[in-house]
Amino acid sequence: MDLPCSVTTKTCGVSSSSSTRRTRMNRMWNGFLGSVMRNLGRQNDLIYGGSPATITEAPFMAFLRTTHIDGTVWNCGASIISESLVLTAAHCVIDENNQRAASVAVTVGSADSSVASTQVAASFTYDTAFDINNLGNGHDIALVRLATPLVFTPSIQPICFPTSDSVLGKAISSCDQKAYGWGYINSAGTTQTTTLQKLDVTVSSSVSSCSSLTDESIICVQGDAPNSGICQGDSGGPLVVRYNGRAYVTGITSFTVGKCSTGISGYTRTSKYAAWLQQQITG
């Protein structure tokens, strides 16, 4: 799988074992949720077909609230990669006019984004090749630096950042693959959950279903359950691949192809940006 190394720290990717398998309770929840949504006559654009996640199985998750210069507020997901650094998507921290966010608040330590510990970030940077008006061009990656270093606990842990991977090959098929997020739960994009959700997904062996790039810096991901996928509010969150007992942020949620519920999404392939990340860390 070529995932044993991490750019940031060797002590990373620790989480509870419950995240590595789909339990009977998960399946019961999925069936119940699907029945409710069908009865309501609408689709669920969050992580439809997924289930609530605990923070101990995803202690690397962070919730971002970015305030922009025009006063609008955006919510995104992110991943803790060290005591002072959080990884997210570039389109979470700049607006449609390529203006930087006025402030970024980072919340960690709880699956409930409304009660967790929050601090305002000291600074952030993103790949300057990113174009907010052309997400398909890639480079959708940003690094947020915290003002106060985190203290790691069972509910706050860093995820591993891979220096290489084999996600487009058959080797990944035996690995647990999940998406996480706090995105919207209705097709109108008006209701967002405060409870962290997870979804079993599969990385496509081909990038052509979501990208025209030839450098494979964008990977295509689809929910395993019918009509499942990610949507607004899930941006910046991780595609997590678990290998040899460790969790790796193998992708960053960037965009969907068509409606959110179709399940096909484009993710920034993180290993392609290992050198960029190292440069940002070392200066």
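Here the structure is a predicted model, which means the values were calculated and not measured. (Residues numbered from 1 in each chain as written. Predicted model: local features only at pLDDT ≥ 70, side-chain atom pairs only at ≥ 80, totals over all residues. Heavy atoms only, no water.)

Some words on the overall build of the chain
Then, number 1: The helix and strand inventory of the chain stands at 2 helices and 13 strands.
Then, number 2: Here the chain, with 283 residues, has 54% of them falling under the buried criterion.
Then, number 3: The contacts in the chain between residues at least 6 apart in sequence include a share of 70% that link residues at least 24 apart.
Then, number 4: Accessible surface computed for the chain: about 11,700 Å², of which carbon and sulfur atoms make up 51%. (Helix = DSSP H or I, 4+ residues; strand = E, 2+ residues; numbered from the N terminus. Buried < 20%, exposed > 50% of the residue type's maximum accessible area, 1.4 Å probe, protein only. Contact = heavy atoms within 4.5 Å. Areas by Shrake-Rupley, 256 points an atom, 1.4 Å probe, with all protein chains shown as cover.)

Some remarks on the pairing of strand 7 (residues 142-146)
Then, number 1: The element strand 7 is extensively covered by neighbouring structure, given that 4 of its 5 residues are classed as buried.
Then, number 2: With 4 bridges connecting them, strand 4 (residues 85-88) and strand 7 associate as antiparallel partners. Note on strand 7: the bridge partner recorded for Thr 88 is Ala 142.
Then, number 3: Examined bridge by bridge, strand 6 (residues 117-126) and strand 7 share 5 bridges and lie antiparallel to one another. Of the residues in strand 7, the one forming a bridge with Thr 125 is Leu 143. (Pairing = 2+ DSSP bridges.)

Observations regarding empty space enclosed by the protein
Then, number 1: Tallied over the entire structure, the rule returns 2 cavities of 30 Å³ or more.
Then, number 2: Counted as a void, the second largest cavity has a volume near 40 Å³.
Then, number 3: Elements represented by at least two residues in the lining of the second largest cavity include exactly strand 9 (197-203), strand 10 (218-223) and strand 13 (264-269).
Then, number 4: In terms of residue count, the dominant contributor to the lining of the second largest cavity is strand 10 (3 residues).
Then, number 5: Of the residues that constitute the lining of the second largest cavity, the class distribution is 6 nonpolar, 5 polar and no charged. (1 Å grid on protein atoms, 1.4 Å probe; cavity = no way out; pocket = protein on both sides within 12 Å on 5 of 7 lines; lining within 4 Å. Points joined across faces, edges and corners; volume = space filled by probe spheres on them. Nonpolar A, V, L, I, M, F, W, Y, C, P; charged D, E, K, R; others polar.)

What about the state of the cysteines?
Then, number 1: Per the stated rule, a full pass over the model turns up 3 disulfides.
Then, number 2: Here Cys 76 connects covalently by a disulfide to Cys 92, the sulfurs 2.1 Å from one another. Between Cys 76 and Cys 92, the S-S dihedral sits near -95°, and the bridge is therefore left-handed. Here Cys 76, found in strand 3 (residues 73-80), pairs with Cys 92, found in the loop between strand 4 and strand 5 (103-108); they are 16 residues apart in sequence, far enough to count as distant.
Then, number 3: Since its relative accessible area comes to 4%, Cys 76 is described here as buried.
Then, number 4: Among the residues examined, Cys 92 registers a relative accessible area of 0% and is labelled buried.
Then, number 5: Across the disulfide, Cys 210 is cross-linked to Cys 220 (sulfur-sulfur distance 2.0 Å). (Disulfide = S-S within 2.5 Å.)

Quick word on the sheet that holds strand 3
Then, number 1: Sheet architecture is closed into a barrel: 6 strands sit in the order 2-3-4-7-6-5, paired in antiparallel fashion. Here the strands of the sheet are splayed against their neighbours by 40° on average, with no regard to which way each runs.
Then, number 2: The sheet contact formed by strand 2 (residues 61-67) and strand 3 spans 7 bridges and is antiparallel. Directly across from Thr 66, in strand 3, lies its bridge partner Trp 74. (Axes fitted to C-alpha atoms, helices over the stretch in contact; angles between N-to-C directions.)

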